[in-house]
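Structural overview for review
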Amino acid sequence: MTSVSNHHCLIIGGGIAGLLAATVLQNSGVRVTVVDKGRGIGGRLATRRIGNEQLGQGIFDYGAQYFTARDSQFLQWVKQWQKAGIVREWSQGFHTFDGALKIDKESRYIGTSGMRGITKHLAAGLNTHPQTRVTALAFQENQWSATTESGDKFTADSIILTPPLPQTLQLLETSGIFLADDQAAPLQQINYHTCIAMLALLKSPSGIPEPGGVWGDGLPIQWMADNQKKGISPAPAMTIHASPDFSAANWDSDKADIADQLLSAADRWVSRDSLADYQIHKWRYSLSTVSPGMPYAQLATPAPLLLTGDGFSKGRVEGAALAGLATAEKLIEILDF
Ligand SMILES: Cc1cc2nc3c(=O)[nH]c(=O)nc-3n(C[C@H](O)[C@H](O)[C@H](O)COP(=O)(O)OP(=O)(O)OC[C@H]3O[C@@H](n4cnc5c(N)ncnc54)[C@H](O)[C@@H]3O)c2cc1C
């Protein structure tokens, strides 16, 4: 059992919201630590490899596929990442399921080596602890204390929680930290669609046209990407996201059955014979469905405890980033840095 202390702020969740909040806090002199239960840091900015002796590496973005930068504050960050070679503009539109090209002049950005590359870049300058699931919070001896699954303890003057809201509310309840009814009500409304993702390593290129993305019709495909045409995968590698309805209806279905149904629906773009290998990933939380219209919630606790993340925005990378940034600014004000 280890104990990590002497921090001004502990951030639970190392997705884009937590990492950007941590960066801004650290830049202001706040001593900050980020913990995340995932194998790596990054949350729903997720990139995975499937290797094959003959085909080489298939690299898949299987969470967020691209992001917008409509807000000028966020655009500044994106420009910095572009300069550092971490991010590039992918496209201003994609094909629709009926084969038409739909361009709407809105820039969509991606990580040049996959979306996880953005969070790796941010995490490189921070004190981060992956594979660290917080199971309980307590306020003791004038400090927050977070206990992890493996019995480790992190103490800090303040806490920012960034997991999807249902997980955050569950952790607070388990810890005996209760919100006032009028604060809890809008947060309890926040919900997320589930999303089943299929990662398909192909023997030959898919039929998805340049730039490599297709907006689905939701019957049952929501989105498809050719990660090779996207420029992140050496081998032909396709990501298929199922619609919320299909994902909910097939949550407990056999993986082979899910793959079979998704490949049948995608047969116009990919031949079944070209499938070399595949994985199915089930996202319990993908896009949030309701926003409370504020970037964070501050609890009435003896020391600062703030909740944020994409549930506070409209469930997108840009919204999560802005929520994280606003939360950091609020904490800097509270801690008087
Ligand atoms: C399939 C899919 C497709 C998407 N497509 C797009 C898209 O194309 N464009 C777009 O803009 N957005 C998209 N999104 C949404 C986008 O990915 C999210 O809005 C954004 O990444 C959320 O960032 P976040 O930091 O708020 O949360 P997260 O990235 O979820 O980070 C929260 C972190 O908290 C950690 N955590 C949870 N509980 C604990 C605990 N008890 N202890 C420690 N750590 C914990 C989790 O492991 C996680 O890493 C998509 C999401 C999914 C899943």
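Residues numbered from 1 in each chain as written. Predicted model: local features only at pLDDT ≥ 70, side-chain atom pairs only at ≥ 80, totals over all residues.

Looking now at the overall build of the protein chain. Check the secondary structure of the protein chain and you find eight helices and 17 strands. For a compact globule of 337 residues, the expected C-alpha radius of gyration is about 20 Å, and the protein chain comes in at 20 Å, within 12% of that figure. When the backbone C-alpha atoms are referred to their principal axes, the protein chain occupies close to 65 × 45 × 40 Å. For the protein chain, the proportion of its 337 residues judged to be buried stands at 46%. Long-range pairs, those at least 24 residues apart, make up 68% of the contacts in the protein chain with a sequence separation of at least 6. (Helix = DSSP H or I, 4+ residues; strand = E, 2+ residues; numbered from the N terminus. Rg over C-alpha atoms; globule rule 2.2 N^0.38 Å. Buried ≥ 20, exposed ≤ 12 C-beta atoms within 10 Å, placed from the backbone. Contact = placed C-beta atoms within 7 Å.)

Here the focus is the site of the ligand. In the region of the ligand, 39 residues are neighbours, and Gly13, Gly15, Gly43, Arg44 and Pro163 sit closest. Those elements that place two or more of their residues in the shell around the ligand are helix 1 (16-27), helix 4 (165-174), strand 11 (195-202) and helix 8 (317-335). Viewed by domain, the shell around the ligand spans two of them, domain 1 (3-37 + 132-190 + 292-335) and domain 2 (47-114 + 193-283), each represented by three or more residues. (Near = placed C-beta within 6 Å. Domains from an automatic or database assignment.)

A few words now on the environment of Gly319. Relative to the helices and strands, Gly319 is located in helix 8. On the basis of neighbour count, Gly319 is assigned to the buried category, with 25 C-beta atoms found within 10 Å. Separated by 13 residues in sequence, Gly319 and Ile332 place their C-alpha atoms 20 Å apart. Not counting residues up to four positions away in its chain, the partners in contact with Gly319 are Asp310, Ser313 and Lys314.

The topology assignment puts Gln80 in helix 2 (residues 72-83). What makes Gln80 exposed here is the crowd of 12 C-beta atoms within 10 Å. In this structure the C-alpha to C-alpha distance between Gln80 and Leu137, which are 57 residues apart in sequence, comes to 36 Å.

Put simply, helix 1 and helix 3 (residues 116-123) touch, their axes get as near as 10 Å, and they point 25 degrees apart. On the basis of their axis angle, the class for helix 1 and helix 3 is roughly parallel. The handedness of the crossing between helix 1 and helix 3 is left-handed. Residues Ile16, Leu19, Leu20 and Thr23 of helix 1 pack against Thr119, Leu122 and Ala123 of helix 3. The class makeup of the residues in the contact of helix 1 with helix 3 is five nonpolar, two polar and no charged. (Axes fitted to C-alpha atoms, helices over the stretch in contact; angles between N-to-C directions. Parallel < 35°, antiparallel > 145°, perpendicular 65-115°, else oblique. Left-handed = near helix turned anticlockwise from the far one by under 90°. Nonpolar A, V, L, I, M, F, W, Y, C, P; charged D, E, K, R; others polar.)

Take it as geometry only, folks, not as evidence of what the structure does.
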